Amino acid sequence: MKYCLLFLLLVANTVCAQNTVAPDTSHQLQNVVISGFQSNNKAATSLNIEGYSRQQMCDNAPFNLSDALAKMPGISQMSTGNSISKPVIRGLYGNRILVLYSGLRFDNQQWQDEHGLGLSQIGLDRVEIIKGPASLLYGSDAMGGVINVIEEKPVAEGYKADIGTQLFANTRGTLTDAGISKRHKDSWWRVRLGLENHADYSDGKGARVLNSRNQGYYLKAGMGFKRKNWTQENTFNFSLNKFGFIMEDLSSSFAPDGRWERGMNGPHHIVVLNLFNSQNTFQLKSSRLQLNAGVQSNIRMEDEGAGQISLNMHLFSALQNLKWEKQLRKNLSFTGNQQLTFENNTNYGGRIIIPDASFMELNLAGYLKWTRNKFIAEAGGGINSKYIHTIATRSLNIPGEAIQPFTRNNITGNGMVGAVYMPADGVNLKFNASTGSRSPNLAELSSNGLHEGVYRYEIGDPNLKIEQNLNTDIDVLVNKGSWAAGASGYYNQFFNYVYLTPTTEKFYGFPVYRYKQQGALIYGGEFFGTYTPAGKKEWQLKEVFAITNGVLADGNYLPFIPAYKSTTSLRYEKIRTGKITRIFVAPELVYVFKQDRPAQFETMTGSYALLNLSSGITINTVSGNWQIGLAGTNLTNTVYADHLSRLKYYGLNNQGRNIVLSLRKDFKW
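Residues numbered from 1 in each chain as written. Predicted model: local features only at pLDDT ≥ 70, side-chain atom pairs only at ≥ 80, totals over all residues. Heavy atoms only, no water.

**Some details on the confidence of the model for the protein chain**
This prediction gives the protein chain a mean pLDDT of 88; 91% of its residues lie at or above 70. Taken element by element, the predicted model of the protein chain shows its lowest mean pLDDT in strand β1 (residues 33-34) (51) and its highest in strand β30 (residues 539-552) (97). Contacts from residues 1-33, a stretch scored under 50 in pLDDT, to residues over four places away or in other chains number 119 contacts. (pLDDT = per-residue confidence, 0-100. Helix = DSSP H or I, 4+ residues; strand = E, 2+ residues; numbered from the N terminus. Contact = heavy atoms within 4.5 Å.)

**Re the sheet that holds strand β3 (residues 48-53)**
Spatially, the 5 strands line up as an open sheet ordered β3-β8-β9-β6-β7, and their pairing is mixed. Lying at the two open borders of the sheet, with one neighbouring strand each, are β3 and β7 (104-106). Averaged over all pairs of adjacent strands, the angle between their axes in this sheet comes to 25°, without regard to strand direction. Two elements, β3 and strand β8 (residues 124-131), share 6 bridges in a ladder whose sense is antiparallel. In the sheet register, Ile49 faces β8, and the bridge partner there is Ile130. (Pairing = 2+ DSSP bridges. Axes fitted to C-alpha atoms, helices over the stretch in contact; angles between N-to-C directions.)

**A word on a nonpolar patch on the surface**
Nonpolar side chains collect at one region of the surface, where Ile163, Ile180, Trp189, Val191, Leu193, Met223, Phe667 and Trp669 lie side by side and expose about 750 Å² of accessible area between them. Mapped onto the secondary structure, Trp189 falls in strand β12 (residues 187-198). Judged by its relative accessible area of 34%, Trp189 falls in the partly exposed class. (Patch = residues over 30% accessible without salt bridge, like charges linked within 9 Å, V, L, I, M, F, W, Y side chains within 5 Å. Areas by Shrake-Rupley, 256 points an atom, 1.4 Å probe, with all protein chains shown as cover. Salt bridge = Lys/Arg side-chain N within 4 Å of Asp/Glu carboxyl O. Buried < 20%, exposed > 50% of the residue type's maximum accessible area, 1.4 Å probe, protein only.)

**Things to note about the environment of Ile561**
On the secondary structure map, Ile561 appears in the loop between β30 and β31 (565-575). Judged by relative accessible area, which is 2%, Ile561 ranks as buried. In sequence terms Ile561 and Met78 are 483 residues apart; their C-alpha atoms lie 9.8 Å from each other. Setting aside residues up to four positions removed in sequence, Ile561 forms contacts with Gly91, Thr548, Asn549, Gly550, Gln595, His643 and Leu644.

**Observations concerning empty space enclosed by the protein**
Tallied over the full model, the rule gives 18 cavities of 30 Å³ or more. Estimated volume of the second largest cavity: approximately 360 Å³. Lining the second largest cavity are 27 residues; nearest its centre among them are Met57, Cys58, Gln166, Ser662 and Arg664. Taken together, the elements giving at least two residues each to the lining of the second largest cavity come down to α1 (54-60), β10 (158-168), β11 (173-184), β32 (580-592), β33 (608-621), β34 (624-633) and β35 (658-668). When the residues that make up the lining of the second largest cavity are grouped by side-chain class, the tally is 10 nonpolar, 12 polar and 5 charged. (1 Å grid on protein atoms, 1.4 Å probe; cavity = no way out; pocket = protein on both sides within 12 Å on 5 of 7 lines; lining within 4 Å. Points joined across faces, edges and corners; volume = space filled by probe spheres on them. Nonpolar A, V, L, I, M, F, W, Y, C, P; charged D, E, K, R; others polar.)

**Quick notes on the pattern of salt bridges**
Scanning all chains against the criterion turns up 34 salt bridges. Between Lys131 and Glu50 there is a salt bridge, with its nearest N and O atoms 3.9 Å apart. On the criterion of sequence distance, the pair formed by Lys131 in strand β8 and Glu50 in strand β3 is long-range, its members being 81 residues apart. Relative accessible area serves as the criterion here: at 4%, Lys131 is assigned to the buried category. With a closest N to O distance of 3.0 Å, Arg208 and Asp200 form a salt bridge. We classify Arg208 as partly exposed; its relative accessible area is 22%. The structure contains a network of salt bridges with shared partners spanning Lys42, Glu50, Arg90, Lys131, Asp473 and Glu526.

**A word on the pairing of β3**
Judged by how many residues are buried, β3 sits mostly within the fold: 6 of 6 residues are covered. A two-sided burial pattern is seen for β3, the buried positions comprising Asn48, Glu50 and Tyr52 on one face and Ile49, Gly51 and Ser53 on the other.

**Observations regarding the packing of aromatic side chains**
For the structure on display, the rule yields 15 aromatic pairs. Pairing Phe63 with Phe168 gives two aromatic rings, centres 5.7 Å apart and planes at 70°, and the pair type is edge-to-face. Here Phe63, found in the loop between α1 and α2 (65-69), pairs with Phe168, found in strand β10; they are 105 residues apart in sequence, far enough to count as distant. You can call Phe168 buried: its relative accessible area is 3%. Consider the rings of Phe545 and Phe593, whose centres lie 5.8 Å apart with planes at 80°: the pair is edge-to-face. Taken as a pair, Phe545 in strand β30 and Phe593 in the loop between β32 and β33 lie far apart in primary sequence, 48 residues in all. Site record: aromatic cluster; members linked through ring pairs are Phe545, Tyr564, Tyr591 and Phe593. Sitting over the face of the ring of Tyr497, Arg96 holds its NZ or CZ atom 4.1 Å from the ring centroid. The ring of Trp260 has Arg172 lying over it, and the distance from NZ or CZ to the ring centre is 5.8 Å. (Phe/Tyr/Trp six-rings, centres within 6.5 Å; stacked < 30°, edge-to-face > 60°. Lys NZ or Arg CZ within 6 Å of the ring centre and 35° of its normal.)

Spelled out as structure tokens, the structure:
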């Protein structure tokens, strides 16, 4: 690969930090530990990294995990109603964002716009976000960033149990979960059950968005142990989700039912996930070896509303990751990484969108880090090979014809180089240049079918080239006493960017869309400032501003580029001893600018402002803590349609006012 980077620069002392993220410290670099490719203080790596803690999720009461992450600078969400959404990192989403779950790649067929992330926020310890390419460290698809989802840890000793519920006013819904864990000496186990149920949501005018309902059932379990030189953590996750989906003119075929009704009688997705991971760490004589392995089963079905399954796809994944860390010298460390992924997609339903296929991916990488005084440098290089083999699969839309098979074997190289300079206390300067790559997914290579949900006929191209990008990122942070300010700018150049575009062709009256590619550019930045009055550490005023721009080489705009956004918040938080150990109130004003740079098949979107509020109190009792929270979004009941909402094309708006009451009780013995 002609844009592969392999450099070695100078680096400086790493500072260790605590393992938890405070409620609102996303910009306080010294308080965030990143446990992805290499455990680091956030300030001691050139990567642009943010952390989102379990406490933040509890405080903000998001609708789902994508909704939670969208509160972070530079991150948005593409949505098809409340329940179907996926994160967008600096204008990139789907197969350009790599999701890690319990240390391994997570794939639930996000190549389609109306396929959401599908992960619940229950039972998580935190989420770590890398913004920018990380293909060197994590393999293909990590072109726009990495979302590292980390499961909760068991109690330090003895038993711990908790039960909690959230009540959502707008959707008449609830998210309830309960868990128990035990640790005895060097072994532990945990179990958590969850239930989610929502009716349709209403917009700012009180208009109900029919069939925007969803249901979810969750089971999480884990166990592990620590021996002299061996630590093992095993994780099992099961989830069953049903998501109602909205199509154009749905009201003509879906009669309105009761406002509290949440039955899945209309068109809906059914997603079943089974996941098992085993994470093993071996402390060798002078190095550390990590071996992670797991299997995943993802079943995605669609009921078009007739009570019969039409689309039925099963994606099976077997994954393995081997990482070796070695301190070569006092100030020089090396990390070697090897990843192997096997996936198989099989169609069982009557409707075929993509063919049956198998994938095999191998990633090898080496990474060096050197530290010296106030300077830090890191660099690495790697190679990735991805094999794709499709099988002749019948076509639903063209009787008598089959989706023709093909085989591809793509080999790419990736690299990164970065530097961190800390000239004084509270000053942190970063530079990072890194590459990313991915093979076009099955939809882009071989789609040949009608998508009823969006009323278009999509056709792929098996001759699409490998997509590659080169991103440069510069970060500046200054933290001086009562105030802090920072800026992050990025310039992301794409080669052979794959995109879907309309044509003049028709298929029985339906518009035909084809996948094409050309060069593209995404650039922008995030800026923030905070002020904490001297002697009044409970108060913090914060301003965050994020911009993203995206253009194709031919001058047209990229699709699904979020609008500029400004977030102003004031937070009061008091931590104390006694019966009431924590109390906080945090009003927030979000202003989203108009998006007047639409892609070819998009429309412009007007500006809007949202007033949000989160508040809570923690009460200490003999048997454990009570956490009580009250959060509200869109308190002024603004009528708006976000630019990344796919429902705006049907004349439907985003959610109106929503009040969430949260209750959680912890038990320890």
